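# Tertiary structure, described
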Amino acid sequence: MDFDREHPRRGTASYKWDQLGALFGSEDVLPLWVADMDFPCAPEIVAATVKRAEEALYGYTIRTPEWEQSLCAWYASRHRWDIDPASVVTTPSVVTALAMAVELHTQPGDAVVLQSPVYHPFSDVIRLQERTLVDNALVIDDRGKYAMDLDGLRAHLQAGARVVLLCNPHNPGGRVWEASVLDALAGLCAEYDALVLSDEIHADIVFAPHTFCPFLPIAQQRGTRAISLLSATKTFNIPGIPSAFAIVPDGHMRQALMRRLRSMSLHMQPFFAQPAVTAAYRYGASWLDAVLAYVWDNICAAIDIVQTRAPALRCMVPEGTYLLWVDVRALGLSPDALRTFMYTRARVAFNEGSMFGHTGRGFVRINCACPRARVVQAVGQFVDALGH
Ligand SMILES: Cc1ncc(COP(=O)(O)O)c(C=O)c1O
């Protein structure tokens with residue numbers, strides 16, 4: 001596994017690479033934005049997908065026992081989490097299930113809580129369904145890490161909010177929430193009978209000594225209503241193969257989600273998903289471990305460049321995710337000016353932070369899942385441009 005090797009993606013209809021001119025005004029911009037990796041996936045996934053393609057009869061597809069077994073075995077061995085296969089609902093994407101759960105468990109106008117800055121579709125899901133977005137913003141603690149404002153959350157629950165969106169681990173801040181934090185959140189939500197929708201797509205991308213804590217077992221102990229949203233797509237870099245799933249222990253909520261998926265004809269299995277995901281969970285662990293080690297070194301290289309060449313900027317050292325969240329507020333740039341600076345002066349496309357909520361203003365998010373030379377070049381271009 002040679003992660004240093006460049007695998008050109010231009011001309012592959014890549015979301016990240018094939019709209020540079022349209023989005024950033026130039027083809028000459030290094031893209032370290034949208035969260036997929038620039039590494040080919042594990043050879044076992046490729047082999048399973050090629051074998052599937054060679055069947056040459058791409059018919060309607062069912063969920064297989066092998067898929068269920070591989071998924072449950074993965075979470076049991078990797079995260080010591082026993083998932084009941086009967087509680088698993090397949091969905092094309094995490095955001096599909098998140099949006100449907102919000103739709104099913106709230107009415108237009110109802111308050112839905114998120115904790116910004118956070119993955120931007122959370123706010124889309126709330127606003128586009130005409131629910132009321134309640135931002136219980138994260139705070140930066142004295143260690144420079146995000147922390148939850150649990151007093152703020154209590155106030156929002158007291159005021160009537162009954163659905164809370166959780167990002168665990170947290171994108172963009174890279175926080176891997178500890179069991180004690182999740183337990184406090186679960187306890188509070190149980191008190192007010194609020195439903196927690198826990199997006200755990202980054203569960204597997206965690207750096208030692210941190211460990212991912214699944215929210216559901218904690219919620220079940222506390223009597224908190226909760227749904228967990230998962231996918232192999234982020235872990236194994238297969239987001240072009242729709243294959244997410246929700247864990248819905250409550251039978252009524254599960255039936256409701258399955259009915260809603262069926263009503264939109266989203267209940268069928270994508271043809272390539274079952275073999276690709278089964279192969280990923282069965283054989284992908286060593287590939288993932290190698291990626292995590294490589295990406296961690298990328299993150300350290302990026303942090304080193306920022307600390308030594310632009311000490312006024314502050315990196316939030318991630319505990320998980322392959323995303324580096326950098327506080328560039330010292331530059332005093334508006335979101336527009338920061339974007340212009342990135343795309344035209346530094347010639348890099350990081351994510352500009354205000355897309356994750358007003359609390360992300362003055363930050364950038366750097367996707368470090370690419371060859372190290374590109375991380376070093378892009379972060380170098382960013383800090384060099386500061387001097388011009
Ligand atoms: C927190 C989070 N949730 C969901 C997604 C996307 O998942 P999906 O494509 O399955 O909707 C991402 C992708 O970056 C993410 O970071």
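Residues numbered from 1 in each chain as written. Predicted model: local features only at pLDDT ≥ 70, side-chain atom pairs only at ≥ 80, totals over all residues.

## A few points about the domain arrangement of the protein chain
Interfaces are often sized by the accessible area lost when the parts come together. Under the domain assignment used here, the protein chain contains domain 1 (20–42 + 285–386) and domain 2 (60–283). Here domain 1 and domain 2 have C-alpha centroids that lie 25 Å from each other. In this assembly, 25 residues from domain 1 lie in contact with 32 residues from domain 2. For the side of domain 1 that touches domain 2, the secondary-structure elements that each account for two or more residues are helix 12 (285–309), strand 11 (314–316) and strand 12 (323–327). Here the residues of the side of domain 1 that touches domain 2 sort into 14 nonpolar, seven polar and four charged. (Domains from an automatic or database assignment. Contact = placed C-beta atoms within 7 Å. Helix = DSSP H or I, 4+ residues; strand = E, 2+ residues; numbered from the N terminus. Nonpolar A, V, L, I, M, F, W, Y, C, P; charged D, E, K, R; others polar.)

## A short note on the sheet that holds strand 14 (residues 351–352)
In space, the four strands of this open sheet follow the order 11-12-15-14, with antiparallel pairing throughout. In this open sheet, the two strands that pair with only one neighbour each are strand 11 and strand 14. Here five bridges tie strand 12 to strand 15 (residues 363–367), and the two strands are oriented antiparallel to one another. Looking at the pairing, Trp325 lines up with Arg365 of strand 15. (Pairing = 2+ DSSP bridges.)

## Points about helix 14 (residues 372–386)
Here helix 14 contains 15 residues, and its C-alpha end-to-end distance of 22 Å stays within 8% of the 21 Å for a straight helix at 1.5 Å per residue. Of the residues making up helix 14, those classed as buried are Val375, Ala378, Val379 and Phe382. Taken down its axis, helix 14 places every buried residue within 90 degrees of arc, on the same side. Contacts made by the buried residues of helix 14 are with strand 1 (30–31), helix 12, helix 13 (335–346), strand 13 (348–349) and strand 15. (Expected span 1.5 Å × (residues − 1). Buried ≥ 20, exposed ≤ 12 C-beta atoms within 10 Å, placed from the backbone. Arc of directions from axis to C-beta.)

## Overview of the site of the ligand
Looking at the ligand, there are 13 residues lining it, with Ala35, Ser93, Val94, Val95 and Tyr119 nearest. Looking at side-chain class alone, the shell around the ligand contains eight nonpolar, four polar and one charged residues. (Near = placed C-beta within 6 Å.)

## Quick word on the sheet that holds strand 8 (residues 195–199)
Two orientations exist for strands paired in a sheet by backbone hydrogen bonds: parallel and antiparallel. The sheet built from seven strands is open, its strands ordered 2-10-9-8-7-3-4 with mixed pairing. Since the sheet does not close on itself, it has two edges, and those belong to strand 2 (88–91) and strand 4 (132–135), each with one partner. For this sheet the average axis-to-axis angle between neighbouring strands, irrespective of direction, equals 25 degrees. Pairing analysis gives four bridges linking strand 9 (residues 225–231) to strand 10 (residues 244–247), with the strands arranged antiparallel. Bridging from a neighbouring strand, Leu230 pairs with Phe245 of strand 10. The strands touched by helix 8 (residues 215–222) are strand 7 (163–167), strand 8, strand 9 and strand 10; relative to strand 9, the strand with the most contacts, the crossing angle is about 170 degrees. (Axes fitted to C-alpha atoms, helices over the stretch in contact; angles between N-to-C directions.)

## Some thoughts on the environment of Leu185
Residue placement: Leu185 occurs in helix 7 (residues 179–191). Distance in space between the C-alpha atoms of Leu185 and Pro217 is 13 Å, their sequence separation being 32 residues.

## Quick notes on unusual backbone geometry
Pro117 follows Ser116 through a cis peptide bond whose omega is 0 degrees. Mapping Pro117 onto the fold places it in the loop between strand 3 (111–114) and helix 5 (121–128). Here Glu130, not a glycine, exhibits a phi torsion of approximately 60 degrees, which is positive. Relative to the elements of secondary structure, Glu130 occurs in the loop between helix 5 and strand 4. Even without being a glycine, Arg347 presents a positive backbone phi close to 60 degrees. Along the polypeptide, Arg347 turns up in the loop between helix 13 and strand 13. The class of Arg347 is partly exposed, set by 17 C-beta atoms lying within 10 Å.

## Observations concerning the packing of helix 4 (residues 94–105) against helix 10 (residues 251–263)
It is the contact of helix 4 with helix 10, at a shortest axis distance of 10 Å, that shows an interaxial angle of 115 degrees. Judged by the inter-axis angle, helix 4 sits roughly perpendicular to helix 10. Remark: the crossing between helix 4 and helix 10 carries right-handed chirality. Packed against helix 4, whose contacting residues are Ala97, Met100, Ala101 and Leu104, the element helix 10 presents Ala256, Leu257, Arg260 and Leu261 at the interface. (Parallel < 35°, antiparallel > 145°, perpendicular 65-115°, else oblique. Left-handed = near helix turned anticlockwise from the far one by under 90°.)

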